[in-house]
Amino acid sequence: MPEPHEPAEGAIAGTGAGGAMDLAASEATTLTPGQQGGAGGPGAGGPARSLWSDAWRDLRRNPVFIISGLIILFLLFISLWPSVIASGDPLDCDLANAQKSSSPGHPFGFDGQGCDVYTRTVYGARASVTVGVCATVGVALLGSVLGGLAGFFGGVWDAILSRITDIFFAIPVVLGGLVLLSVVTSNTVWPVIGFMVLLGWPQISRIARGSVITAKQNDYVQAARALGASNSRMLLRHIAPNAVAPVIVVATIALGTYIALEATLSYLGVGLKPPTVSWGIDISAASQYIRNAPHMLLWPAGALAITVLAFIMLGDAVRDALDPKLR
């Protein structure tokens, strides 16, 4: 444990896991320049700040986080209430309008079936964001629990989990989706989410395992063990707050990847299926009209690209804020 007035750089140490710290998140503090002068220095006695409060302060000053956060909030808003900005019905189509370009009341034009591209682009956010968020939550929970337990207990359990993750890493994601989802007839988002969780948890599991292995070797964990703390208390009170940062970073970045994967699988015809409205479905339908009606492909593809980029930018900002090596 560091001395009471050791500089903040010594109080928090980076690890190979990309975010594990030497102190529990609730115990780590950062000294202001006035506090570094000792008890009698200016600013002495000020409130201590935790790692998470420091990270939030850095995020609020990061324009990348602000921009990506606003984009994501807008996407969440239209996913929950798409009718606020798109009053039409995405399934209301008229073949007489097929492939027509923009017109008053229809700024994005019409697709090959005469459906309003603007309305379908807005409503398509719901399926894509739902798949991305639910898959990320499932992957993060399953991977963190399995990887954390393997890293904490080690031994046979760790060896078995490592070999299982090796097997899953050997499965190509797109090829696995083509094989597993081709036999699914459901039109809901849950088969796609289940597939992503099934093949996505090994990455989070390895990161959580490495973070837990690093964290459990720290002095404060050894002290808790010597004082008779139970395994559950050490995991939940001392190790989990210390090991969760890299998992959050990777999960945030992976969210955008899962949205792109859903669009890819839908484009190939094994992901979401009509009448579900999805950007991947619309991109697949518009690909054959790209010469005559490029607007059919431009808008859903642009919405998909902006969404994926926003989540990747958010993940980069969170990584910069939580990684002690960048402080």
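These figures come from a predicted structure and were not determined experimentally.

1. Some points on the overall build of the protein chain
Part 1 of the argument: Secondary structure assignment for the protein chain yields eleven helices and zero strands.
Part 2 of the argument: Each helix and strand of the protein chain, placed in order from N terminus to C terminus, yields the pattern α-α-α-α-α-α-α-α-α-α-α.
Part 3 of the argument: Sequence-distant contacts in the protein chain: of pairs separated by 6 or more residues, those separated by 24 or more amount to 69%.

2. With respect to the nonpolar core
Part 1 of the argument: Counting 33 residues, the largest nonpolar core has I259, W279, L304 and L322 as its most contacted members.
Part 2 of the argument: Elements that contribute at least two residues to this core include exactly α2 (51-60), α3 (63-80), α4 (117-153), α9 (231-267), α10 (279-286) and α11 (295-322).
Part 3 of the argument: Take this core: its biggest share by element is twelve residues, from α11.

3. Observations regarding the pattern of salt bridges
Part 1 of the argument: By the definition in use, this model includes seven salt bridges.
Part 2 of the argument: For D282, the salt bridge is made with R120, and the minimal N-O distance between the two is 2.9 Å. Pair noted here: D282 is in helix α10 and R120 is in helix α4, with a separation of 162 residues, a long-range link.
Part 3 of the argument: Classification of R120 by relative accessible area gives buried; the value is 9%.
Part 4 of the argument: Where D320 meets R319, a salt bridge forms, and the shortest distance between an N and an O atom there is 3.2 Å.
Part 5 of the argument: The partly exposed category is assigned to R319, whose relative accessible area is 34%.
Part 6 of the argument: Taken together, the shared-partner salt bridges in this structure form one network comprising R163, D166 and R206.

4. A look at the packing of aromatic side chains
What characterises a pair of aromatic rings is the spacing of the ring centres plus the angle enclosed by the ring planes.
Part 1 of the argument: Taken as a whole and judged by the stated rule, the model has six aromatic pairs.
Part 2 of the argument: Ring plane angle 5° and centroid distance 3.9 Å describe the contact between F108 and W299, whose orientation is recorded as stacked. Here W299 lies in helix α11 and F108 lies in the loop between α3 and α4, a separation of 191 residues in the sequence.
Part 3 of the argument: Judged by relative accessible area, which is 17%, F108 ranks as buried.
Part 4 of the argument: Classification of W299 as partly exposed rests on a relative accessible area of 33%.

5. With respect to unusual backbone geometry
Part 1 of the argument: Of note, the bond from P274 into P275 is cis; its omega dihedral lies within 30 degrees of zero at 10°.
Part 2 of the argument: As for its position among the elements, P275 is in the loop between α9 and α10.

6. Here's the deal with the side chain of S162
Part 1 of the argument: Note on placement: S162 falls in helix α5 (residues 155-169).
Part 2 of the argument: A distance of 2.9 Å separates a polar atom in the side chain of S162 from the backbone oxygen of D158.

7. What to know about the state of the cysteines
Part 1 of the argument: The final tally for this structure, using the stated rule, is one disulfide.
Part 2 of the argument: One disulfide in the model links C93 with C115; its S-S distance is 1.6 Å. Residues C93 and C115 are joined by a disulfide whose S-S torsion is about 85°; by sign, that bridge is right-handed. Remark: C115 occurs in the loop between α3 and α4 and C93 occurs in the loop between α3 and α4; sequence separation between them is 22 residues.
Part 3 of the argument: You can call C115 buried: its relative accessible area is 3%.

8. Remarks on the packing of α4 against helix α7 (residues 190-215)
Part 1 of the argument: Following both chains from N to C, one finds α4 and α7 inclined at 35°, their axes separated by 5 Å at the closest point. For the pair α4 and α7, the sense of crossing is right-handed.
Part 2 of the argument: Residue composition of the contact of α4 with α7, grouped by class: 18 nonpolar, nine polar and one charged.

9. Side note on α7
Part 1 of the argument: The end-to-end C-alpha distance of α7 is 35 Å, a good match for the 38 Å that 26 residues give at a rise of 1.5 Å each.
Part 2 of the argument: Maximum bend of α7: about 40°, positioned at G200, with proline P202 one to four residues after it.

10. Description of the confidence of the model for the protein chain
Atomic detail in the predicted coordinates should be set aside for any region of low pLDDT.
Part 1 of the argument: Summarising the model, the protein chain shows a mean pLDDT of 82, and 83% of its residues fall at 70 or more.
Part 2 of the argument: Averaged pLDDT values over the elements of the protein chain bottom out at 41 in helix α1 (residues 8-11) and peak at 93 in α3.
Part 3 of the argument: Every residue in residues 1-45 scores below 50 in pLDDT, and together they form 84 contacts with partners more than four places removed in sequence or on other chains.

11. Focus on the environment of W56
Part 1 of the argument: Summarising the element assignment, W56 is placed in helix α2.
Part 2 of the argument: Sequence spacing of W56 and L322 is 266 residues, and the spatial spacing of their C-alpha atoms is 9.1 Å.

Conventions and cut-offs
Every chain's residues receive numbers from 1 upward, in the order its sequence appears when written. Under the rules for a predicted model, residues below a pLDDT of 70 receive no local features and side-chain atom pairs below 80 are neither given nor counted, while totals for whole chains, interfaces and linings still include all residues. Excluded from the side-chain calculation are hydrogens and water; included are all heavy atoms of the structure. A helix here means a DSSP run of H or I that spans at least four residues, while a strand means a run of E at least two residues long, and both kinds are numbered starting from the N terminus. The criterion used for residue contact is that any of the two residues' heavy atoms lie within 4.5 Å. Grouping buried Ala, Val, Leu, Ile, Met, Phe, Trp, Tyr and Cys residues that are joined through side-chain atoms within 4.5 Å yields what is termed a nonpolar core. Here the term buried applies to any residue with accessible area under 20% of the maximum for its type, exposed to any over 50%, and partly exposed to those in between, with areas from a 1.4 Å probe on protein chains only. Between Lys or Arg on one side and Asp or Glu on the other, a salt bridge is scored when a side-chain nitrogen of the former is within 4 Å of a carboxyl oxygen of the latter. Pairs were defined over the aromatic rings of Phe, Tyr and Trp, the Trp ring being its six-membered one, requiring ring centres within 6.5 Å. Orientation was assigned from the angle between planes: stacked under 30 degrees, edge-to-face over 60, tilted for the rest. Counted as a polar contact is a pair of N or O atoms within 3.5 Å, where, for protein atoms, one must be capable of donating a hydrogen and the other of accepting one, and residues adjacent in sequence contribute only when both atoms are in side chains. The rule for a disulfide is simple: a pair of cysteine sulfur atoms within 2.5 Å. Interaxial angle, 0 to 180 degrees, is taken between N-to-C directions of lines fitted to C-alpha atoms, where a helix line uses only the stretch in contact. Left-handed describes a crossing whose near helix is turned anticlockwise from the far helix through less than a right angle; right-handed describes the clockwise counterpart. Note on residue categories: nonpolar means Ala, Val, Leu, Ile, Met, Phe, Trp, Tyr, Cys or Pro, charged means Asp, Glu, Lys or Arg, and polar means any other residue, Gly included. The span one expects for a helix is its residue count, reduced by one, times 1.5 Å. In this analysis the local bend is the angle between axes fitted, respectively, to the seven residues ending at and the seven residues starting at the residue. Scored between 0 and 100, pLDDT is the confidence that the predictor attaches to each residue.

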